[in-house]
Amino acid sequence: MISFSNYRKILVEIREANIRSICIDLLHSQKPAPGSLYIKHDVEVKLELAVRMARIEAEEGHRATYYVQGDLLRLPGAAEQLQEIGSLGHEVAYHYDVLDASDGDYNAALLEFKEYCDLFFETGFKITSVCPHGNPTKKRNGWKSNKDFFRLDYIRSEFPDLIDIVVDFPRLFPKGRYISDAGRKLRIIGDISSNDHSELSAIEDGRSINWSEISDLVNSHSGVVLSLHPHRFYDNFVINKIQIAVFFLLKNTYLKLRHYKLIRVIASRFYKLARRF
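Residues numbered from 1 in each chain as written. Predicted model: local features only at pLDDT ≥ 70, side-chain atom pairs only at ≥ 80, totals over all residues. Heavy atoms only, no water.

A few words on the sheet that holds strand β9 (residues 224-228). Spatially, the nine strands line up as an open sheet ordered β5-β4-β3-β2-β1-β9-β6-β7-β8, and their pairing is mixed. Whereas interior strands pair on both sides, the edge strands pair on one side only; in this sheet they are β5 (163-164) and β8 (207-208). Each of β1 (37-43) and β2 (64-68) is contacted by helix α2 (residues 47-59), which is oriented at about 175 degrees to β2, the strand it contacts most. (Pairing = 2+ DSSP bridges. Helix = DSSP H or I, 4+ residues; strand = E, 2+ residues; numbered from the N terminus. Contact = heavy atoms within 4.5 Å. Axes fitted to C-alpha atoms, helices over the stretch in contact; angles between N-to-C directions.)

As a further point, take the packing of α2 against helix α3 (residues 78-87). Following both chains from N to C, one finds α2 and α3 inclined at 15 degrees, their axes separated by 9 Å at the closest point. In terms of their interaxial angle, α2 and α3 are classed as roughly parallel. α2 and α3 meet at a crossing whose hand is left-handed. Taking contact as the criterion, the partners of L47, E48, A50, V51, A54 and R55 in α2 are, on α3, A78, Q81, L82, E84 and I85. (Parallel < 35°, antiparallel > 145°, perpendicular 65-115°, else oblique. Left-handed = near helix turned anticlockwise from the far one by under 90°.)

Another aspect to go through is unusual backbone geometry. The phi dihedral of N18 is positive, around 65 degrees, even though this residue is not glycine. Tracing the backbone shows N18 in the loop between α1 (4-16) and β1. Of note in the backbone geometry, K46 takes a positive phi value of approximately 50 degrees without being a glycine. Here K46 shows up in the loop between β1 and α2.

With that out of the way, let us pick up the packing of aromatic side chains. How two aromatic rings sit relative to each other is set out by the distance from centre to centre and by the angle between their planes. Considering all chains together, one arrives at 18 aromatic pairs under this definition. When the ring of Y7 is compared with that of F233, the centres are 5.2 Å apart and the planes differ by 65 degrees; the resulting orientation is edge-to-face. Here Y7 is found in helix α1, whereas its partner F233 is found in the loop between β9 and α11 (237-257), with 226 residues between them in sequence. A residue is classified by how much of its surface remains accessible, and F233, at 3% relative accessible area, is buried. Here a set of aromatic residues connected by ring pairs shows up, and it is made of Y94, Y96, F113, Y116, F120, F149, F150 and F159. Here the basic side chain of R52 rests over the ring of F4, its NZ or CZ set 4.4 Å away from the ring centre. (Phe/Tyr/Trp six-rings, centres within 6.5 Å; stacked < 30°, edge-to-face > 60°. Buried < 20%, exposed > 50% of the residue type's maximum accessible area, 1.4 Å probe, protein only. Lys NZ or Arg CZ within 6 Å of the ring centre and 35° of its normal.)

What the rule picks out here adds up to 14 salt bridges. The salt bridge involving E59 is made with R8; its shortest N-O contact spans 2.8 Å. Pair noted here: E59 is in helix α2 and R8 is in helix α1, with a separation of 51 residues, a long-range link. Judged by its relative accessible area of 54%, E59 falls in the exposed class. Classification of R8 by relative accessible area gives partly exposed; the value is 28%. Within this structure, R8, R15, E59 and E60 form a network of salt bridges that share partners. (Salt bridge = Lys/Arg side-chain N within 4 Å of Asp/Glu carboxyl O.)

The next point concerns the pairing of β1. Burial of β1 is extensive: seven of the seven residues sit out of reach of the surface. Where β1 lies against β9, five bridges are found, and the strand directions are parallel. Looking at β9, one finds that L37 is bridged to V224. For β1 and β2, the ladder comprises five bridges, and the chain directions are parallel. By the bridge assignment for β2, H41 is matched with Y66. In terms of handedness, the path from β1 via α2 over to β2 forms a crossover that is right-handed. (Right-handed = clockwise from strand over helix to strand, strands pointing away.)

This paragraph deals with the environment of P230. Along the polypeptide, P230 turns up in the loop between β9 and α11. Leave out the neighbours within four places in its chain, and P230 touches F4, H41, D42, V43, L49, A50 and M53.

Moving on to the nonpolar core. Core analysis: the biggest nonpolar cluster contains 60 residues, and Y66, V68, Y94, Y96, F113 and F149 have the highest contact counts within it. In this structure F113 touches Y94, Y96, V98, V130, F149, F150, F159 and L162, once residues within four positions along its chain are discounted. If you look at the next biggest cluster of nonpolar residues, it comprises 16 residues, including I24, I165, F169 and V225. (Core = buried A, V, L, I, M, F, W, Y, C linked by side-chain atoms within 4.5 Å.)

The subject of this paragraph is the environment of Y7. The exposure class of Y7 is buried, given its relative accessible area of 1%. As a C-alpha pair, Y7 and E57 span 50 residues in sequence and 9.1 Å in three-dimensional space. The contact partners of Y7, leaving out residues within four places of it in the chain, are I2, I39, H41, M53, E57, L228 and F233. A distance of 2.6 Å separates a polar atom in the side chain of Y7 from a polar atom in the side chain of E57. (Polar contact = N/O pair within 3.5 Å; in protein donor to acceptor, adjacent residues only side chain to side chain.)

Among the residues of α3, those classed as buried are A78, L82 and I85. The buried side chains of α3 occupy one side of the element, clustering within an arc of 50 degrees when seen end-on. Away from its buried face by more than 90 degrees, α3 exposes E80 and S87. Tucked into the core, α3 has its buried residues touching α2, β2 and β3 (91-96). Looking one or two places after α3, you find G89, whose phi comes out positive at around 100 degrees. (Arc of directions from axis to C-beta.)

By themselves, these are just geometric observations and shouldn't be taken as functional.
This is the structure we're talking about:
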């Protein structure tokens, strides 16, 4: 990925193109229009980096939505860090991982989802939008991914006012685009809502683009979501290169060995470790 200083430069360029990012929760009251940009962040580790990114965005006139993994709220100092993000004008929302964590048990997943929504509320945030977490190495039987949670009608009936920015993307952005840094490359995702039909479909979905293309894409589509992971941005060039090398080494090794049952079992058992990368 890029450095925090280069990210600031990109935000300035976007602003100078008369584009300012807005929060996902505004979709409750207004439809996306040409030139509208929604920056979202999947916060899976290192809340301090999310805070840093939130400060940069606010300083450059942008607002974003921070989808935070529920277990991070239990960390020391998490409440204060998230409250700072909210005080800067950003939306703090829920990056849920409940169906995979419950091994496909929808009732257990529902209980965990409600528990974390309550914890967000106790921290000062009413959840109005959510985003599913992807786990490419999770072994599943009976469900395809966390996206299946909000595809189920009775789950939807429990939360009729919640937006799932991934599952609902085709309805919310019929003429929009979803850009993601998943896989540590900036890509336009072709089918963010339904690309979980096989193990590799989500990994292979999309085409690479350059950061310089973002403004033109925003101006030529009715709504663009830019999905980023703050922990993939860096200050130290050498450390970043090492992290990227480790990421692709692990990814390529898994893809080559995933046909072996033992490798699949081990990778599934420790799937949450992938959040660090």
